[in-house]
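One letter stands for each residue in the lines below.
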Amino acid sequence: MASALIPAIGALAAILTTVCWVPQALKIIREKETRAISLPATVLSALGFLLWLVYGAAIFDGPLIGSSGITFLMTAAILVLKIRHG
């Protein structure tokens, strides 16, 4: 693969996996409805993103830190809303 293509693929993946949580978070905030959200899956997702954040910090990878940090905060907010609204 071309050397410029690999970072572009990584950046696009980071953007998509971060942005994909925005509609879910907005829907929960608007409707205050979380019955269809799996608590175990949300916990595991938040923990996974937290670990990616820690890993990114350990290897000093700015894009990984940024995308993981934002995605962790979003999934953590969804988790808090899931706990609050059932």
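Scroll up a little and you will see the structure.
Residues numbered from 1 in each chain as written. Predicted model: local features only at pLDDT ≥ 70, side-chain atom pairs only at ≥ 80, totals over all residues. Heavy atoms only, no water.

### A closer look at the overall build of the chain
Then comes step 1: Broken down by element type, the chain carries four helices and zero strands.
Then comes step 2: For the chain, the succession of helices and strands along the chain, N to C, is α-α-α-α.
Then comes step 3: The principal-axis extents of the C-alpha atoms in the chain amount to approximately 45 × 25 × 15 Å.
Then comes step 4: Looking at the 86 residues of the chain, the share that counts as buried comes to 26%.
Then comes step 5: For the chain, the proportion of contacts with a sequence separation of at least 24, taken over those separated by at least 6, is 70%.
Then comes step 6: Accessible surface, the chain: about 5,700 Å² in total, of which carbon and sulfur atoms supply 78%. (Helix = DSSP H or I, 4+ residues; strand = E, 2+ residues; numbered from the N terminus. Buried < 20%, exposed > 50% of the residue type's maximum accessible area, 1.4 Å probe, protein only. Contact = heavy atoms within 4.5 Å. Areas by Shrake-Rupley, 256 points an atom, 1.4 Å probe, with all protein chains shown as cover.)

### Focus on the packing of aromatic side chains
Then comes step 1: All told, the structure shown has two aromatic pairs when counted by the stated rule.
Then comes step 2: With a centroid separation of 6.4 Å and an interplanar angle of 85°, the aromatic rings of Trp21 and Phe49 are classed as edge-to-face. Of the two residues, Trp21 is situated in the loop between α1 (5–19) and α2 (22–31) and Phe49 in helix α3 (residues 39–58); the sequence distance between them amounts to 28 residues.
Then comes step 3: The exposure class of Trp21 is partly exposed, given its relative accessible area of 22%.
Then comes step 4: Centroid distance Trp52 to Tyr55: 5.8 Å. Interplanar angle 75°. Geometry classified as edge-to-face. Within this pair, Trp52 and its partner Tyr55 are both found in helix α3, separated by three residues, close to a single helical turn. (Phe/Tyr/Trp six-rings, centres within 6.5 Å; stacked < 30°, edge-to-face > 60°.)

### Some thoughts on unusual backbone geometry
Then comes step 1: Positive phi values are uncommon outside glycine, yet Lys32 reaches one of about 50°.
Then comes step 2: The topology assignment puts Lys32 in the loop between α2 and α3.
Then comes step 3: Backbone geometry places Phe60, a non-glycine residue, at a positive phi of 55°.
Then comes step 4: The exposure class assigned to Phe60 is exposed, which follows from its relative accessible area of 74%.

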